[in-house]
Amino acid sequence: MLLRGVLLALQALQLAGALDLPAGSCAFEESTCGFDSVLASLPWILNEEGHYIYVDTSFGKQGEKAVLLSPDLQAEEWSCLRLVYQITTSSESLSDPSQLNLYMRFEDESFDRLLWSAKEPSDSWLIASLDLQNSSKKFKILIEGVLGQGNTASIALFEIKMTTGYCIECDFEENHLCGFVNRWNPNVNWFVGGGSIRNVHSILPKDHTFKSELGHYMYVDSVYVKHFQEVAQLISPLTTAPMAGCLSFYYQIQQGNDNVFSLYTRDVAGLYEEIWKADRPGNAAWNLAEVEFNAPYPMEVIFEVAFNGPKGGYVALDDISFSPVHCQNQTELLFSAVEASCNFEQDLCNFYQDKEGPGWTRVKVKPNMYRAGDHTTGLGYYLLANTKFTSQPGYIGRLYGPSLPGNLQYCLRFHYAIYGFLKMSDTLAVYIFEENHVVQEKIWSVLESPRGVWMQAEITFKKPMPTKVVFMSLCKSFWDCGLVALDDITIQLGSCSSSEKLPPPPGECTFEQDECTFTQEKRNRSSWHRRRGETPTSYTGPKGDHTTGVGYYMYIEASHMVYGQKARLLSRPLRGVSGKHCLTFFYHMYGGGTGLLSVYLRKEEDSEESLLWRRRGEQSISWLRALIEYSCERQHRIIFEAIRGISIRSDIAIDDVKFQAGPCGEMEDTTQQSSGYSEDLNEIEY
């Protein structure tokens, strides 16, 4: 049941703005404001007395969905979408609660983008705040409720509101406080100040927004402090889109007080980082603070006050705002992920070598059965430390990356492959070179690795001074030298583990967790299988997946099939839209008896299938990239069909499937046409 007291508390706010809600908003008083239930799902029910809509188990059963679709919207400026919701369930069904999902549906994309998901039951209304990046493209908001276990499972929506600005901004004039929450402490807490609120123990200020007693702000008072270092925390909503710029706010600290006012960021892994601290007591007026704020991945901002005793006075906070422009006092070198990354297709980008000699050589290998190609496409360039032909023992090849600003957390990812070494330890190592101190620190090295397989490495690091990443290949002995290959280096802000907490990209599947939304036409021994590592039959199939080298891929096991037998993997139904689409995936066709791999488009209404792409016979020992550009304005599926060849050495694999709106464009390479095939399309007779 919904708490009536909480409902009444929110009602005044809702009624005040119900007559003048911006596009994409609804208070659900007398209607759903153009938000419509999708016919193929359960309906959302408008409460008889208004105030909210809901779906519960009296209208459906466990696993059934109710989908609400907004009218066409546009966010040409950065916007914040706030959702007031509640999920309820019975105590015996906590293992499988109801779930609420929110998607964005762009008019030119076949897939919906998952922005947010929640399944935590609550006995009160909760607020979700979601940043929407500015875009000229039209979109719809899709809200999906999935009923969980139990006879009392329900999901309710009290309000949807979309406003221009960032979710992290707040003047504290509305009851929902922009989604900011106080972390409860028995003794000291953040409270709403201003308006009719007074504190007899302290002389609190007028608010900054209206500069009058009518406005509101947040404050924390030391009058109830009982212990040394009592802490009060005010926590912002979690950012949901990458943002970087200047975070500003106004604050007051009662003069001569024994307290510490600090600002922290906290990521989804719980890692705190202090980004600002008040260095002086301030004055009786409101003080402006400007802080450089980088949030490349989801994080919270925490305003923290630590008191050393009951005479610490008060700290007040108001008018938090954000600008994508850097602060006026910004003097640090700015970071560019594009400039710090390289796939070596054109040149060395911003990487360079020692002047002593070319330890690393940029090479390209044509598809063949003996040497793997690059990781990017299977047909392009990569770097090779050609230590096998170096004349002197103790040879070292160093590759330096561009300069990185200090005091930022970075995620370094790259792919490497090792050939020929008897002892693999330290054949490739990564160092951090601190420019100001001429100090090198090893942060990663190869211990053991499958030979000839592209492996992914990822390293999170942070240094106070400007640094460079150095890749070093070492040949300890002339008699034990081999080849070290390097490709697809990326450096991004934030922790490498942070990306694991993000919603999966729409239309992408690496098969690391499961088969995503793909289904089998028939599931038996002769269908597609999800696997990691080598396939059972020698001289066919990949040695590892394309994503990381140690992950999963989909393949057909030829020893379980007969000559000419088919296996078909189907995508979920894709929405038909106008314009071109680009499908990319990696395929592996190695083995003397390899058969056929085809990609079809099937229109749902008449089951008509058209051939988009095909490869026949053995192609390479490497993973190769395929690009397919197509158009379809009707609902459809994409089908991957593998046909077993003349022998058991006929394993075929696919990995890293990705659907994108728009033409393939600059991703297309000259050696492999995106919309054609390398041979005639006559069917093989089996």
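Keep in mind it's a predicted model, so treat the numbers as computed, not measured.

Colleague: What is the right way to read the sheet that holds strand β2 (residues 45–46) from this model?
Modeller: Sheet strands line up and pair through hydrogen bonds in the backbone, either parallel or antiparallel. One open sheet holds the 5 strands; their spatial order is β2-β3-β11-β6-β9, and the pairing between them is antiparallel. The sheet is open, and its two edges are formed by β2 and β9 (126–132), each paired on a single side. In the sheet, strand β3 (residues 53–56) pairs with strand β11 (residues 154–164) via 4 bridges, with the strands oriented antiparallel. Following the sheet pairing, Y54 is matched in β11 by A156.

Colleague: Teacher, can you tell me more about empty space enclosed by the protein here?
Modeller: Counted according to the given criterion, the structure contains 1 cavity of 30 Å³ or more. In this structure, the largest cavity occupies an estimated 30 Å³ of space. R82, V84, E159, K161 and H176 are the residues that line the largest cavity. Contributing elements (two or more residues each) for the lining of the largest cavity: β6 (79–88) and β11. Here the lining of the largest cavity is built from residues that sort into 1 nonpolar, 1 polar and 3 charged.

Colleague: Explanation requested: the sheet that holds strand β20 (residues 299–307) in the structure shown.
Modeller: The sheet built from 5 strands is open, its strands ordered β12-β15-β20-β17-β18 with antiparallel pairing. The open sheet has two edge strands with one neighbour each: β12 (181–183) and β18 (272–277). This sheet shows a mean twist of 30° between the axes of neighbouring strands, independent of strand direction. Looking at chain direction, β12 and strand β15 (residues 230–235) are connected through 3 bridges and run antiparallel. Paired with R183 across the bridge in β15 is Q233.

Colleague: What's the story with the pairing of strand β31 (residues 483–493) in this structure? I'm lost.
Modeller: Within a regular beta strand, the side chains point alternately toward one face of the sheet and then the other, so they alternate between its two faces. Of all 11 residues making up β31, 8 are buried, and the element is well covered by its neighbours. Sheet topology note: the strand β24 (residues 381–385)/β31 ladder contains 3 bridges and is antiparallel. Along β31, the bridge assignment pairs L384 with A485. As judged from the 9 bridges shared by strand β26 (residues 408–419) and β31, these two strands associate in the antiparallel manner. Counted as the bridge partner of A417 is A485 from β31.

Colleague: Just to check I follow, could you spell out the environment of F351 for this structure?
Modeller: Its location among the elements puts F351 in the loop between β21 (314–323) and β22 (352–353). For F351, a relative accessible area of 4% gives the class buried. Through-space distance from the C-alpha of F351 to that of S341 is 8.8 Å; in sequence the pair is 10 residues apart. If we skip the residues at most four places from it in the chain, F351 touches A340, S341, C342, L399, Y400, G401, P402, F471 and I489.

Colleague: Teacher, can you tell me more about the state of the cysteines here?
Modeller: What is meant by a disulfide is a covalent connection between two cysteines, made through their sulfur atoms. Using the criterion set out here, one finds 8 disulfides in the structure. Note on cysteine connectivity: C582 is disulfide-linked to C664, with sulfurs 2.1 Å apart. What sets the handedness of the C582 and C664 disulfide is the S-S torsion sign, and at about 100° it is right-handed. Here C664 lies in the segment after β42 (652–661) and C582 lies in strand β37 (residues 577–589), a separation of 82 residues in the sequence. For C582, a relative accessible area of 2% gives the class buried.

Colleague: What am I meant to see in the pattern of salt bridges here?
Modeller: Two side chains bearing opposite charge may form a pair once their charged atoms approach each other closely. Considering all chains together, one arrives at 23 salt bridges under this definition. Taking the shortest distance from any N to any O, the salt bridge between R105 and D112 comes out at 2.8 Å. The shortest N-O distance in the salt bridge between R568 and E641 comes to 2.6 Å. Taken together, the positions of R568 in strand β36 (residues 566–570) and E641 in strand β41 (residues 636–643) put the pair 73 residues apart, joining distant regions of the chain.

Colleague: Explanation requested: the side chain of D651 in the structure shown.
Modeller: Relative to the assigned elements, D651 resides in the loop between β41 and β42. Buried charged residue D651 carries no salt bridge. Nearest counter-charge: R531, at 7.5 Å. From its side chain, D651 meets the backbone nitrogen of A558 in a polar contact 2.9 Å long.

Colleague: Even after reading the chapter, I still don't get the confidence of the model for the protein, so can you show me in this structure?
Modeller: Detailed reading of predicted coordinates is not advised where the pLDDT is low. The share of residues in the protein with pLDDT of 70 or more is 86%, and the mean pLDDT across the chain is 84. Across the protein, the secondary-structure element scoring lowest on mean pLDDT is helix α1 (residues 4–17), at 42, and the one scoring highest is strand β35 (residues 552–556), at 96. When the criterion is pLDDT under 50, residues 668–686 qualifies, and its contacts beyond four places in sequence or with other chains add up to 49 contacts.

Colleague: What's the story with the pairing of strand β17 (residues 259–267) in this structure? I'm lost.
Modeller: Extensive coverage of β17 is indicated by the burial of 8 of its 9 residues. Of the strand pairs in this sheet, β17 and β20 are connected by 9 bridges, and their pairing is antiparallel. Looking across to β20, one finds that T265 is bridged to V301. The sheet contact formed by β17 and β18 spans 5 bridges and is antiparallel. What sits directly across from R266, in β18, is Y272. Where β17 folds back onto β18 in an antiparallel hairpin, the turn is made up of 4 residues, including G270, whose phi is positive at roughly 90°.

Colleague: When you look at the nonpolar core in this model, what are you seeing that I'm missing?
Modeller: The tendency in soluble globular proteins is for nonpolar side chains to be buried as a group. In terms of nonpolar packing, the biggest core is built from 39 residues, with F172, W190, F249, F261, W276, F293 and F303 touching the most fellow members. Mapped onto this core, the elements with two or more residues apiece are β14 (216–221), β15, β16 (243–253), β17, β19 (287–295), β20 and β21. Setting aside residues up to four positions removed in sequence, F261 forms contacts with W190, F249, Y251, I253, W276, K277, A278, F303, E304, V305 and V315.

Colleague: Sorry if this is basic, but what is going on with the packing of aromatic side chains here?
Modeller: Here a ring pair, both rings aromatic, is described through the centre-centre distance and the interplanar angle of the planes. Across all of its chains, the model carries 41 aromatic pairs by this definition. An aromatic cluster is present here, built from W190, F249, Y251, F261, W276 and F303 joined pairwise through their rings. Positioned above the aromatic ring of Y381, the side-chain terminus of R362 is 3.9 Å from the ring centre. The ring of Y600 carries R568 above its face, with NZ or CZ at 5.8 Å from the centroid.

Colleague: I keep staring at the environment of V55 and nothing clicks. Help me out?
Modeller: You can see V55 is positioned in strand β3. Taking C-alpha positions, V55 is 5.7 Å from S154, a pair spaced 99 residues apart along the chain. Setting aside chain neighbours within four positions, we find V55 in contact with L42, P43, W44, A66, L147, A153, S154 and I155.

Colleague: Would you mind going over the environment of I648 with me for this structure?
Modeller: Its place among the elements puts I648 in the loop between β41 and β42. Taking relative accessible area as the criterion, I648 reaches 40% and is therefore assigned partly exposed. Sequence separation between I648 and E557 is 91 residues; the distance between their C-alpha atoms is 8.1 Å. In contact with I648, not counting residues within four places along its chain, are T537, T540, A558 and S559.

Colleague: I keep staring at unusual backbone geometry and nothing clicks. Help me out?
Modeller: A negative phi angle characterises most non-glycine residues, just as the trans form characterises most peptide bonds. For L177, which is not glycine, the phi dihedral falls at a positive 55°. Residues other than glycine seldom take positive phi values, yet C349 does so here, at roughly 55°.

Rules behind the numbers
- Numbering of residues starts from 1 in every chain and runs along the sequence as written.
- Thresholds applied to this predicted model are a pLDDT of at least 70 for local features of residues and 80 or more for the giving and counting of side-chain atom pairs; totals over whole chains, interfaces and linings are not thresholded and use all residues.
- To get the side-chain values, all heavy atoms of the structure are used, and hydrogens and water are removed first.
- Two strands qualify as a pair provided that DSSP identifies no fewer than 2 bridges between them.
- Only runs of H or I of at least four residues qualify as helices and only runs of E of at least two qualify as strands under DSSP, and these elements are numbered from the N terminus.
- Cavity and pocket criteria rest on a 1 Å grid covering protein atoms alone: a 1.4 Å probe that fits but cannot get out defines a cavity, protein on both sides within 12 Å along at least 5 of 7 lines defines an open pocket, and an atom within 4 Å of a point defines a lining residue.
- Grid points are joined across faces, edges and corners, and a volume is the space filled by probe spheres set on the points.
- When residues are sorted by character, Ala, Val, Leu, Ile, Met, Phe, Trp, Tyr, Cys and Pro go into the nonpolar class, Asp, Glu, Lys and Arg into the charged class, and all the rest, Gly among them, into the polar class.
- Angles here are taken between N-to-C directions and fall from 0 to 180 degrees, while the axes themselves are lines fitted to C-alpha atoms, restricted in helices to the stretch in contact.
- For every residue, the accessible area (1.4 Å probe, protein chains only) is compared with the maximum for its type, and the residue is labelled buried under 20%, exposed over 50%, or partly exposed between those bounds.
- Should any heavy atoms of two residues lie within 4.5 Å, those residues are considered in contact.
- In what follows, a disulfide is any cysteine sulfur pair within 2.5 Å.
- We define a salt bridge as a contact between a side-chain nitrogen of Lys or Arg and a carboxyl oxygen of Asp or Glu at a distance within 4 Å.
- Only four residue types enter the tally: Lys and Arg on the positive side, Asp and Glu on the negative side; His and the chain ends are excluded.
- Residues adjacent in sequence count toward polar contacts only when both atoms are side-chain atoms; beyond that, a polar contact is any pair of N or O atoms within 3.5 Å, and within protein one must be able to donate a hydrogen and the other to accept it.
- Along the chain, pLDDT gives the predictor's confidence residue by residue, from 0 to 100.
- Working definition of a nonpolar core: buried Ala, Val, Leu, Ile, Met, Phe, Trp, Tyr and Cys residues. They are joined through side-chain atoms within 4.5 Å.
- Note on aromatic contacts: the rings of Phe and Tyr and the six-membered ring of Trp form a pair at centre separations within 6.5 Å, being stacked when their planes are under 30 degrees apart, edge-to-face when over 60 apart, and tilted otherwise.
- Sitting over a ring, as applied to charges here, requires NZ of Lys or CZ of Arg to be within 6 Å of the ring centre and within 35 degrees of the ring normal.

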